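Listed below, chain by chain, are the residues.
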Amino acid sequence: MKRIAIDMDEVMADTVATHLEWYNRDYQDNLHLTDLHGKTLLQLRPQRTREIESYYGKENFFRELKVIEHSQEVIRELSHFYEIYITTAAMEVPASFKAKYEWLLEHFSFLDQMNFVFCGNKSIIHADYLIDDNVKQLDRFRGKGILYTAPHNILETGYVRVNNWPEVREFFIDRERLIDGIEIEREVK
């Protein structure tokens, strides 16, 4: 069975929207996701670097992230045909370990928690595919990298790109069915 490694932040969990919401609330700013087109919040407000980065150290920040639309249903579907690993670069924010783990257990309880990988450099991940919003991680990865669209990477080129979870489904399931002639039975809800 082939393996898919999936990043958490900005792929499964809407980190940017929460970060922007909290920043706007605390600093009476009025930034929108469209303002981040090809940029990060830090690039837009470099004078507030310390304040912006401080959110990552707050215990509840990673616990309160919203689930990206359709990620749960598509990942559940993929798990019937692929080994799924959640690979998050938690080493960049060590305070996030517990909150990320609890968030995954709450929102993706159907996944094997032994397949949650908290790492830094994802070149250590042995999988066939990596879905990630960070081109640095895709460049290091040895398998096939797939760029998940996020505001900061919208200008990146040279990668296979998916914009949402229905496109992930199409890439991995619908396309595979057409290529391999495999008829896939979808779960009826």
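Notes on the structure follow. The structure presented is a predicted model; accordingly, all values stated were derived computationally and were not measured.

1. Description of helix 5 (residues 97–107)
Residues that lie three or four places apart on an α-helix share one face, since the helix turns once every 3.6 residues. Among the residues of helix 5, A99, K100, W103, L104 and H107 are the ones counted as buried. Along the axis of helix 5, the buried positions cluster into a sector of 135°, meaning they face one direction only. Check the buried side of helix 5 and you find it contacts helix 4 (71–78), strand 2 (83–88) and strand 3 (116–118).

2. So, unusual backbone geometry
The residue Q28 is not glycine, and still its phi comes out positive at about 45°. Tracing the chain through its elements places Q28 in the loop between helix 1 (15–27) and helix 2 (41–44). Given the relative accessible area of 68%, Q28 is considered exposed. Despite not being glycine, H70 has its phi angle at roughly 75°, a positive value. On the secondary structure map, H70 appears in the loop between helix 3 (49–54) and helix 4. Residue class for H70 comes out partly exposed when judged on its relative accessible area of 31%.

Rules used throughout
- Residues numbered from 1 in each chain as written.
- Predicted model: local features only at pLDDT ≥ 70, side-chain atom pairs only at ≥ 80, totals over all residues.
- Heavy atoms only, no water.
- Buried < 20%, exposed > 50% of the residue type's maximum accessible area, 1.4 Å probe, protein only.
- Helix = DSSP H or I, 4+ residues; strand = E, 2+ residues; numbered from the N terminus.
- Arc of directions from axis to C-beta.
- Contact = heavy atoms within 4.5 Å.

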